[in-house]
Amino acid sequence: SPGIPQVYYAGLLAAPNDMDLLEMTGVGRDINRPYYSLAALERELERPCVARLVELARFRSTHPAFAGEFSLGPGPDHILEMTWRNGVHRTSATIDVRDMSYELTTTAGVRR
C-alpha cells in the first residue's frame, strides 16, 4: 500500500509464536516478541525465508515505482491487484486469495 511500510522484527525474521514466553509472562503481546541474542539473530538472517523477506524489503524501499502513485485495480472479488507507477517505472502485485498464488511484475522484469 502507499506510504512507508513498517515491519515488526518478529515478522521480518518469520519468528514462530513464543508460547513459552507467553506462559511465563502472561502478557498477550509477548507471543510475538521473541528475544534474540546477537548470535541467534545472525543465524536467523541466514534462513532462506528471512533472506527473501529482506530482499523484498530492499526492493520495496529502492524501486522508483514506489515513490509514485498507487492504485488498487478492479477485478474479480478473489483477485487483489495493486499497482505503483512513477514515470516509466511500474510495479504490480496480483494476488489470487482463493489459491494464494501471486505475481509481482516490475519494470525490471517479473518476480514470483
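Residues numbered from 1 in each chain as written. Predicted model: local features only at pLDDT ≥ 70, side-chain atom pairs only at ≥ 80, totals over all residues. Heavy atoms only, no water.

(A) Just a nonpolar patch on the surface, in detail. On the surface, L72, L80, V97 and M100 cluster together into a nonpolar patch covering about 380 Å² of accessible area. Tracing the backbone shows L80 in strand β2 (residues 79-86). (Patch = residues over 30% accessible without salt bridge, like charges linked within 9 Å, V, L, I, M, F, W, Y side chains within 5 Å. Areas by Shrake-Rupley, 256 points an atom, 1.4 Å probe, with all protein chains shown as cover. Salt bridge = Lys/Arg side-chain N within 4 Å of Asp/Glu carboxyl O. Helix = DSSP H or I, 4+ residues; strand = E, 2+ residues; numbered from the N terminus.)

(B) View of unusual backbone geometry. With a phi close to 50°, A14 is a non-glycine residue in the positive phi region. Mapping A14 onto the fold places it in the loop between α1 (9-12) and α2 (19-25). At M100, a position not held by glycine, the phi torsion is positive, near 60°. Relative to the assigned elements, M100 resides in the loop between β3 (89-96) and β4 (101-106).

(C) Expanded view of the environment of G87. Residue placement: G87 occurs in the loop between β2 and β3. Residues G87 and P5, spaced 82 residues apart in sequence, show a C-alpha to C-alpha distance of 22 Å.

(D) The arrangement of the packing of aromatic side chains in detail. Overall, the coordinates contain four aromatic pairs when judged by the stated rule. Residues F59 and F66 carry aromatic rings whose centres are separated by 5.6 Å and whose planes lie at 90° to one another, so their mutual orientation is edge-to-face. For the residue pair F59 and F66, the accessibility class agrees, reading buried in each case. Among the aromatic side chains, those forming a connected cluster through ring pairs are F59, F66, F70 and W84. (Phe/Tyr/Trp six-rings, centres within 6.5 Å; stacked < 30°, edge-to-face > 60°. Buried < 20%, exposed > 50% of the residue type's maximum accessible area, 1.4 Å probe, protein only.)

(E) Seen up close, the pattern of salt bridges. By the definition in use, this model includes two salt bridges. A salt bridge links R52 to E55; the nearest nitrogen and oxygen atoms lie 3.2 Å apart. Within this pair, R52 and its partner E55 are both found in helix α4 (residues 48-62), separated by three residues, close to a single helical turn. The class of E55 is partly exposed, set by a relative accessible area of 37%.

(F) Spatial organisation of the side chain of T91. Along the polypeptide, T91 turns up in strand β3. When residues no more than four places from it in sequence are discounted, the contact partners of T91 are F59, H63, A65, F66, M82, T83, W84, L104, T105 and T106. (Contact = heavy atoms within 4.5 Å.)

(G) Highlighting the confidence of the model for the protein chain. Taken over all residues, the pLDDT of the protein chain has a mean of 90, while the share at 70 or more is 96%. Ranking the elements of the protein chain by mean pLDDT puts strand β5 (residues 109-111) last with 57 and helix α3 (residues 38-45) first with 95. (pLDDT = per-residue confidence, 0-100.)

(H) Structural context of α4. Across its 15 residues, α4 extends 21 Å between first and last C-alpha, which sits within 8% of the 21 Å expected from 1.5 Å per residue. Of the residues making up α4, those classed as buried are V50, F59 and R60. (Expected span 1.5 Å × (residues − 1).)

(I) Main features of the pairing of β4. When β3 meets β4, the two strands line up antiparallel, connected through six bridges. What sits directly across from T94, in β4, is E103. Here β3 folds back onto β4 in antiparallel fashion, the turn holding four residues, of which M100 has a positive phi close to 60°. (Pairing = 2+ DSSP bridges.)

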